[in-house]
Amino acid sequence: MKQSPDMARLEQVLRSGRIVRGGFLGTDRRPLAEIIEADRAAVTRRGLTCERIAGRMAELTAAAMGRLGTWVDAGGGLQVRAEEHKGLIVCPWPHPARCRKRITTARRSETGQALQWTDLSIHLIGKHAFFQGRESAFRMEPDALIDFLGLTGEATAEDAGIWPTPKR
Amino acid sequence: MAQAVLAVLAISGVAAMLALILVVAERFIARYGSCTIDINQGTRQITIEGGKSLLNVLTEEKLFIPSACGGRGTCGYCKVTIREGGGPILPTETPFLTADEQEQGLRLSCQVKVRNDLVIKIPEELLSVREYTAVCEKIEDLTYDMKRFILRLQEPDRIDYVPGQYVQLLCPPYPGSDEEVYRAYSIASDPAETGRVDLIIRRVPNGICTTWCFEHLQEGQTVRINGPYGEFRLSDNPAPALFIAGGSGMAPFVSILHQMEHAHDTRSVRYFYGGNQVRDLCLLDEMKRFEEHLEDFTFVPVVAEPGPEESWDGRRGLVTEAVSEEFDNLADYEAYLCGSPGMIDAAIKVLKSLGIDKARVYYDKFA
Amino acid sequence: MSLSQELQTALVVCFSAVFTQNILLTLFLGMCPFTSVSREVRTALGLGGAVVFVMTCTVVLNWMAYHWLLVKLDLEFFRFVLFIVIIAAFVQFVEMVIDRYSPRLYQNLGIFLPLITVNCAILGASLFMVIRDYTLLVSLGWGFGAGVGWLLAILAMAGIRQRLDESRVPVGLRGPGITLIIAGLMALAFIGFSGVLG
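Because the structure is predicted, anything quoted here is derived from the model rather than measured. (Residues numbered from 1 in each chain as written. Chains lettered and ligands numbered in written order. Predicted model: local features only at pLDDT ≥ 70, side-chain atom pairs only at ≥ 80, totals over all residues. Heavy atoms only, no water.)

**As for the sheet that holds strand 5 (residues 118–121) of chain B**
All names here are of chain B. Across the sheet, five strands lie side by side as 2-1-5-3-4; this open sheet has mixed pairing. Each having just a single partner strand, strand 2 (44–49) and strand 4 (106–108) make up the two edges of the open sheet. Strand-to-strand, the axes of this sheet are offset by a mean angle of 40°, without reference to chain direction. (Pairing = 2+ DSSP bridges. Helix = DSSP H or I, 4+ residues; strand = E, 2+ residues; numbered from the N terminus. Axes fitted to C-alpha atoms, helices over the stretch in contact; angles between N-to-C directions.)

As structure tokens, this is what we get:
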């Protein structure tokens, strides 16, 4: 299916290194709409929404803020730290959203397993259901991310994948 | 046979005619002729061929309007006031302009196409901004993720700036980044040396410009900068001053301390400089030298969590905690901040609780 | 055929092109943008408007080129090449004019114009005009009607799809799948119009 001109133009921006080095899509050759659709489906299968995942990530980042890059216990067996750099980064979607250049690192205290995301990642996941392309610098696999955050969806028959809950 | 020839001729003829019409149309329709842009009521007048965006035209004329997105209309920085000739506000601009700004005639210069004479107004300080070519004379490692780049100016070969101001460094396209971008860095050199600009740059993971500086920029290479910009500077008020910085936020203070040394400034200065570990701190020796040479200067490095192999007998904790432990009341002080936005927010909170007047807290908003 | 008769035929052709002979829903031309650019009513309206304009003008231009040039030279088989070239040149020209005189319209419509050049419905409209032997005036009615019909169909689809975002679509059918099913249902509904004009 051909993408709309808006979508095609957006994909071009995402593939280019105009906003982040190497672009947002990494080595992923799938069309943008397909990437988003696949990740959104993965999230739906777990009975969750992208907003909820982004909300949890934002909570963790908020917990680390004000501690100037040192580790903070965020509860739930997670430790977080947020490192900030000067400057702002713009959202590639055509709307005026700007994020600070802040990188949050979260690690599970018992396993030492760690994940990193930026403020822009939170925005992209929450607002655009975009988890970035395979092998790009800040790609997050929806399933791995959900497991890491320890989120669980309401396990109803609807979430089995056939009849999703309406967005409201 | 005859028909084949006729067919080819007829189709070629029609195609050629259409092409001709398009070329003629392009000449008459897509040409805007020469347009005159009047800047700040005749301070400067430029005449150019119309058809390009106002931002491009101004950049070509060496008038640098700060812009972070490179003319895509997503950052909303490149606002200029257009008094006459700007045409209607485009849908791509409206998200960035408040009703007040629209009333005043503010526009995004990257979205406005020059199609007729314009009368515009830009901030006075931008008129003194120049573009410089410089040779990167030396690259020094300051810490594991910070370097100092010493630039020797070529053309023009000297720069006038107020310590505390910043310049924009042009990062050319390189593998992984396909466009020129500009990034702002504070000047960290002695203002007496007018032919030299030092930049202290901390590596940003996957950052476009810092990756270029750390991996591609070589000593002896020519770079381009423009500037100076910014309002951050030492005030004329002799009140005691409190500097708070973290990481590469050290940069403007180096310049300011040099300035104080030359001017035999006797005001009292306390400088709190924070890092997570000892390895995050830079230029400690240089600060020691300033302590010896300046009348009343104390440098207080603060480390949050010294690493297991690091020895540290200085202060521990966050830089903001160190400030609130040290002082009970800052009402007489002026505060100067440079660091990450998070540090600035945290510092402002602490300073307010210590009774400092908000109008006497200075920091650069380019962050 | 007298002028008034011709005018009447043009009106009938125009009306039937909108409803009974809808170029999208009964002839299934221009499906590609129909499935991909029908997510929002606003963009659908932009594209639809551009189609109406380009279709009306190119059908008329192509009628002139066909009857006054190709038929005279006995080169009818060349109509495909000629029509495409004329459509492409016309779109270029219009884009240039809009850019010059109405930046606002250019912002809204501009991105859709190049997309239209390769739209099969535009070429299809010109080819039907030849097959059905329309006169110039009737062609005008046909081109306009076909464009409006296309606009109507994509607008209806965009409206439905906006509603669809809120509803429970089986996972496997999301996106193009459900769009095609809806298109089929809409086509059935439009067949209901076929009795209107005998």
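**Examining the packing of aromatic side chains**
Per the counting criterion, the structure on display carries 26 aromatic pairs over all chains. Between Phe 149 of chain B and Phe 214 of chain B the ring centres are 6.2 Å apart and the planes differ by 65°, which places this aromatic pair in the edge-to-face class. Placement of Phe 149 of chain B in strand 7 (residues 146–155) and of Phe 214 of chain B in helix 5 (residues 208–215) is noted, with a sequence separation of 65 residues between them. Under the relative-accessibility criterion, Phe 214 of chain B is labelled buried at 15%. Aromatic ring contacts, followed pair by pair, group Phe 232, Phe 243, Phe 253, Tyr 271, Tyr 273, Phe 297, Phe 299, Tyr 336 and Tyr 362 of chain B into a single cluster. The ring of Trp 71 of chain A carries the charged tip of Arg 107 of chain A above its face, separated from the ring centre by 3.9 Å. Its guanidinium or amino end placed over the ring of Phe 148 of chain A, Arg 108 of chain A lies 5.6 Å from that ring's centre, counting from NZ or CZ. (Phe/Tyr/Trp six-rings, centres within 6.5 Å; stacked < 30°, edge-to-face > 60°. Buried < 20%, exposed > 50% of the residue type's maximum accessible area, 1.4 Å probe, protein only. Lys NZ or Arg CZ within 6 Å of the ring centre and 35° of its normal.)

**Things to note about the nonpolar core**
Generally speaking, nonpolar side chains in soluble globular proteins are found buried as a group. One finds Ile 23, Phe 34, Met 55, Met 129, Trp 142 and Trp 150 of chain C to be the most contacted residues of the largest nonpolar core, which totals 66 residues. Ranked by residues supplied to this core, first place goes to helix 3 (residues 41–73) of chain C with eleven residues. Listed in part, the 44 residues of the second largest apolar core include Leu 78, Ile 89 and Cys 91 of chain A together with Cys 75 of chain B. (Core = buried A, V, L, I, M, F, W, Y, C linked by side-chain atoms within 4.5 Å.)

**Examining the packing of helix 6 (residues 251–262) of chain B against helix 7 (residues 284–293) of chain B**
Residue and element names in this part refer to chain B. Running from amino to carboxyl end, helix 6 crosses helix 7 at an angle of 25°, the nearest separation of the two axes being 11 Å. One element, helix 6, and the other, helix 7, form an angle in the roughly parallel class. Taken as a pair, helix 6 and helix 7 cross one another with a handedness that is left-handed. Of helix 7, the residues touching helix 6 (which contributes Val 254, Leu 257, His 258 and Glu 261) are Glu 286, Met 287, Arg 289, Phe 290 and His 293. For the contact of helix 6 with helix 7, a count of residues per class yields four nonpolar, two polar and three charged. (Parallel < 35°, antiparallel > 145°, perpendicular 65-115°, else oblique. Left-handed = near helix turned anticlockwise from the far one by under 90°. Contact = heavy atoms within 4.5 Å. Nonpolar A, V, L, I, M, F, W, Y, C, P; charged D, E, K, R; others polar.)

**Considering the side chain of Glu 131 of chain B**
All names here are of chain B. Tracing the backbone through its elements, the reader meets Glu 131 in strand 6 (residues 130–143). Its relative accessible area of 15% is what places Glu 131 among the buried residues. Separated by 2.8 Å, the side chains of Glu 131 and Lys 62 make a polar contact. A polar contact is formed between the side chain of Glu 131 and the side chain of Arg 224, at a distance of 3.2 Å. Setting aside chain neighbours within four positions, we find Glu 131 in contact with Lys 62, Phe 64, Glu 155, Pro 156, Tyr 182, Arg 224, Ile 225 and Asn 226. (Polar contact = N/O pair within 3.5 Å; in protein donor to acceptor, adjacent residues only side chain to side chain.)

**Focus on the interface of chain A and chain B**
Counting residues at the interface gives 28 residues for chain A, matched by 37 residues for chain B. With both chains or domains summed, chain A and chain B bury close to 3000 Å², and 54% of this area falls on carbon and sulfur atoms. Contact with chain B buries area across many residues of chain A, yet Arg 21, Leu 68 and Lys 86 of chain A alone supply 27% of it, more than any other trio. Between Glu 83 of chain A and Arg 202 of chain B there is a salt bridge whose closest N-O contact spans 2.2 Å. Our enumeration of links across chain A and chain B arrives at eight residue pairs in polar contact (both at pLDDT 80 or more). (Buried area = accessible area lost by both parts, 1.4 Å probe. Salt bridge = Lys/Arg side-chain N within 4 Å of Asp/Glu carboxyl O.)

**A closer look at the environment of Leu 24 of chain C**
Residues and elements named next belong to chain C. Structurally, Leu 24 can be placed in the loop between helix 1 (3–18) and helix 2 (31–36). Judged by its relative accessible area of 0%, Leu 24 falls in the buried class. Along the primary structure Leu 24 and Phe 34 are separated by ten residues, whereas in three dimensions their C-alpha atoms are 8.4 Å apart. Leaving out residues up to four positions away in the same chain, Leu 24 has contacts with Leu 29, Gly 30, Met 31, Phe 34, Trp 150 and Ala 153.

**Let's talk about helix 4 (residues 119–128) of chain A**
Residue and element names in this part refer to chain A. Extensive coverage of helix 4 is indicated by the burial of nine of its ten residues. Of the positions making up helix 4, those classed as buried are Asp 119, Leu 120, Ser 121, Ile 122, His 123, Leu 124, Ile 125, Gly 126 and His 128. Just beyond helix 4, the residue with positive phi is Ala 129, at close to 50°.

**Side note on unusual backbone geometry**
Residues and elements named next belong to chain B. Each neighbour pair has its own omega, and for Glu 155 with Pro 156 the value is -10°, a cis peptide bond. Considering the arrangement of structural elements, one finds Pro 156 in the loop between strand 7 and strand 8 (166–171). Residues Gly 227 and Pro 228 are joined by a peptide bond in cis, for which omega reads -5°. Checked against the element boundaries, Pro 228 lands in strand 11 (residues 222–229).

**A closer look at the sheet that holds strand 9 (residues 181–186) of chain B**
Sheets are built from strands that pair by backbone hydrogen bonding, the pairs being arranged parallel or antiparallel. Residues and elements named next belong to chain B. Read from one edge to the other, the open sheet built from six strands follows the order 9-8-11-6-7-10, with strand pairing classed as antiparallel. Looking at strand neighbours, the two that pair on one side only are strand 9 and strand 10 (196–202), the edges of this open sheet. Averaged over all pairs of adjacent strands, the angle between strand axes in this sheet comes to 40°, irrespective of strand direction. Note: strand 6 against strand 11, six bridges, orientation antiparallel. Considered in strand 11, the bridge of Glu 131 is made with Asn 226.

**Section: the pattern of salt bridges**
Under the definition given, this model contains 37 salt bridges over all chains. Glu 321 of chain B is the partner of Arg 67 of chain A in a salt bridge, and the nearest nitrogen-oxygen pair spans 3.1 Å. Taken together, the positions of Arg 67 of chain A in the loop between helix 3 (50–64) and strand 1 (72–75) and Glu 321 of chain B in helix 8 (residues 319–326) put the pair across two chains. In this structure Glu 321 of chain B comes out as partly exposed when scored by relative accessible area, which is 31%. Across the pair Glu 131 of chain B and Lys 62 of chain B runs a salt bridge, and its minimum N-O distance is 2.8 Å. Separated by 69 residues along the polypeptide, Glu 131 of chain B in strand 6 and Lys 62 of chain B in the loop between helix 2 (54–60) and strand 3 (79–84) bring together distant segments of the chain. Take Lys 62 of chain B: its relative accessible area is 42%, and that puts it in the partly exposed class. Members of the salt-bridge network, linked through shared partners, are Glu 84, Arg 100, Arg 102 and Asp 119 of chain A together with Asp 345 of chain B.

Bear in mind that shape data such as this cannot, by itself, settle questions of function.
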